[in-house]
Amino acid sequence: MIGFIFRRLSAAIPTLILVSLFVFTLQKLLPGDPVLAMAGEERDPQVLEYLRDKYRLNDPIAMQYLHWVGDVLQGDFGRSMRTEQPVTQLLLSKLPVTLQLAAWSLMFAMLIGIPAGIIAAVRKGTRVDYGVNVLALSGISIPNFWLGLLLILLFAVKLQWLPASGFVPFSEDPLRNLQTMLMPAFVLGASLAGTLMRHTRSAMLEVLRSDYVRTARAKGLMPRVVILKHALRNALMPIVTLSTLLFGELLGGAVLTEQVFSLPGFGKMIVDAVFNRDYAVVQGVVLCVGIGFILLNLLADVLYRLINPRMRTSA
Amino acid sequence: MKHLLAFTGVTLLLACSQAMAAPATLRIGIQDDPDMLDPHRSRTYAGRLVYTALCDKLVETDADLQFIPRLATAWEWSEDGKTLTMNLREGVTFHDGEPFDAEAVKFNLDRARTLPDSQRKSELSSVESVEATAPTTVTIHLKKPDATLIAQLSDRSGMMLAPKAAAGADYASKPVCSGPYEFVERVQQDRIVLKKYDGYWNKDVFHFDRVVFMPIPDTSVRLANLRSGDLDMIERVAPTDVKSAKADAKLKVYSTPGLGFMEMVVNIDNGSKAQNPLGQDKRVRQALELSLDRDAINQVVFEGLYIPANQALSPSSPFFDKTKTIPARDPEKARALLGEAGVKMPFPIDLKVANNPIAQQIGQIIQAMAQESGFQVNLIAGEYATQLSEQQAGNFQVALYNWSGRPDPDGNLHQFVTCKAPLNDARYCNPKVDELLNEARVRNGLEERKALYAQAQEILVDEAPYIYLFFDPRLFVARGDLQNFQPQPDGLIRLENVRLAP
């Protein structure tokens, strides 16, 4: 297992180099001058020139890239051009928010999506199945920001049960932290639950048709045991893949949800950074998310092996 | 039982005293996240909102835009207008305990003038040297008389940072000033927390223990947060939200005409896009202006809350020119002017607008109005940062542009319309205008300057390189029990005497 993890990690290095190259060059293709975007209303030509020099914007792109990669390898992601805060510090301050939101959303998604998918598969073709499908589809189709605004109106403005937006760190006030997370996590989770439910349903349907399930039923096992122990365990494979991928996507930041609920996570940071042409921040976030994605893929593979003993020997 | 009663009594008392001592926090929802918190280097308007509580400046402005003492208690000009002597307030300390004196003023003005990435250099360009003539007297020597200097010292150029802290590398993330509130922490895109500075010279008029600025870009979310009690006050309220906020008995709406304006910049001589009748013939620009009904745009887009403009100086400024009435829409006359200019109708123009709903809506209305006057407007909506750099590079014909406004008229005119000015994207150049505006810089009398600005604006209205559309009002909404808040033309939130009703 350890050899496997090691091999997978070393295979990730070329991927990371490609990711960093892409981010770096794509950004440079964006129209708009970062220094001018930063200058806003003040445009002293001397100062603009000084800043272009300071951030090496006059160097050839290849040189800029090498400089950046060199710094990153030494653990220095640079500083935000806009606020001068070190990017590493920014990443560390946003990571807990994003991780927490991703974890809670995924939990909501799994708690709703997987049971709903099982029920729909077991009751295939009945009203229950259609009902669950309609719910799932609406979960996927309702725009996040709209659902978010509706929830704010109901729970924050009308009922005043939950704070409308913002974030309180868990270490500062655990209860308040959960309150601020509840609505955004639900909004995100609801849209993912739909996807998860559809996949669970189809995976379950396939497994339920297989011979060993029929055998298990024929042995006279209780339907609950057949479904949860025999069928679900085998149907879990695609669900695990999907969940880890969804988690990876969530790490990239839930831009709209974070915007509506004013959560200071990766999504909000990267959007602001792109608009301000704050190159160092964009590069830092994308690279960080890239690493996260690669680790999650690895996690999915490791989980496969734990769930499915057959795969342990194949590698 | 007796013990129990006594115990309950004591607990109750404790609870009460705790409730009374609970720190009073004011949470202000602001539209965007400030950039670096260093007054000499920062650029955003949001930053100025924070500085108002954090960093005191030499001179303050009141609601009528008159200059009043702050860290400078009095000032005096020499006969020739080339020396400014300021007396400084005694007993003032910075948040780190460093004393504020003439040396500190010299340090700050020199820093703002010489730091390589200082954004204040052009504001202080008239200063030749600064001299600490006594512990509480500072003398500023100028290269030439500068009527705008006091105005500059009433803003970021006049903000005083603690010299020792400002010499450090991390100043922008841990600012140290001498204002009524000191810096506690900042979480980017989330909040900036300040707490009351115990050593402040005038601390009795500040009633909140903490002030928290929370950037929330979406206007409706900002209002929802105020409604739910998660904020106490919001700024830059969307005009479309004002009606519902007014209907809410728990909220109070504040409004005052601002200093900023919205205008159409016409490319007069900035590259090849200027080589067409719109850039070359003022009659075509006059026709474009005559095709507009500012009141209609105001009603449709801004619920009638904006103030139609055809000059750069706002009605809240003492320099406002009352004689410049806004021309009524006149499509017939516009067509006649286009005919005189010999252009073929419909005359095509490209109008650049930012890709936000408000700018796009205005663009669409202008498009419809101009069509009836013989123009064919192509709207090009793009991201604002891109628009700015294209504007500067001359890649535009007409662009919709916003300016946040300055208290001194010079800041709203000189840098846009004089021949070599940094913000003159139109590359408009008229030596007569330069002469008048340069003259207005060195004169000190209000009436004298006012006359010069009026003359310059007479030419600008006629030649129309910039077609002014609106002054934006400063709109705030706060909880109903907030007392003594006075909105001011610069839109900054001054917290003197502001408190919650007991």
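Below is a summary of the structure that appears in this document. (Residues numbered from 1 in each chain as written. Chains lettered and ligands numbered in written order. Predicted model: local features only at pLDDT ≥ 70, side-chain atom pairs only at ≥ 80, totals over all residues. Heavy atoms only, no water.)

1. A short note on the nonpolar core
Moving on, step 1. Of all hydrophobic cores here, the largest spans 66 residues; its most connected members are M264 and F375 of chain B.
Moving on, step 2. Sequence-distant contacts of M264 of chain B, that is, excluding residues within four places in its chain, are made with L288, L292, I366, V398, A399, L400, P465, Y466, I467 and L469 of chain B.
Moving on, step 3. A102, L162 and A254 of chain A together with M214 of chain B belong to the second-largest nonpolar core, a separate cluster that totals 65 residues. (Core = buried A, V, L, I, M, F, W, Y, C linked by side-chain atoms within 4.5 Å. Buried < 20%, exposed > 50% of the residue type's maximum accessible area, 1.4 Å probe, protein only. Contact = heavy atoms within 4.5 Å.)

2. Focus: the environment of L446 of chain B
All names here are of chain B.
Moving on, step 1. Assignment of secondary structure puts L446 in helix α16 (residues 446–463).
Moving on, step 2. L446 gets classed as partly exposed once you look at its relative accessible area, which sits at 39%.
Moving on, step 3. Separated by 127 residues in the primary sequence, L446 and F319 place their C-alpha atoms 7.9 Å from one another.
Moving on, step 4. If we skip the residues at most four places from it in the chain, L446 touches P318 and F319. (Helix = DSSP H or I, 4+ residues; strand = E, 2+ residues; numbered from the N terminus.)

3. Points about the interface of chain A and chain B
Accessible area lost on assembly of the parts is the figure often given for the size of an interface.
Moving on, step 1. Each side of the interface is counted separately: chain A has 45 residues, and chain B has 48 residues.
Moving on, step 2. Roughly 4,000 Å² is buried in total at the junction of chain A and chain B, and carbon and sulfur atoms are behind 47% of that figure.
Moving on, step 3. Contact with chain B buries area across many residues of chain A, yet E41, E42 and R43 of chain A alone supply 20% of it, more than any other trio.
Moving on, step 4. Counting across the chain A and chain B interface gives 6 salt bridges.
Moving on, step 5. Residue R277 of chain A is joined to E383 of chain B by a salt bridge in which the shortest nitrogen-to-oxygen separation is 2.6 Å.
Moving on, step 6. At the junction of chain A and chain B, the tally comes to 14 residue pairs in polar contact (both at pLDDT 80 or more).
Moving on, step 7. For the side of chain A that touches chain B, the secondary-structure elements that each account for two or more residues are α2 (34–39), α3 (45–54), α5 (87–122), α7 (144–158), α11 (255–260) and α12 (266–275) of chain A.
Moving on, step 8. Per-element accounting of the side of chain A that touches chain B gives the leading share, 5 residues, to α3 of chain A.
Moving on, step 9. Within the side of chain A that touches chain B, the residues separate by chemical class into 22 nonpolar, 8 polar and 15 charged. (Buried area = accessible area lost by both parts, 1.4 Å probe. Salt bridge = Lys/Arg side-chain N within 4 Å of Asp/Glu carboxyl O. Polar contact = N/O pair within 3.5 Å; in protein donor to acceptor, adjacent residues only side chain to side chain. Nonpolar A, V, L, I, M, F, W, Y, C, P; charged D, E, K, R; others polar.)

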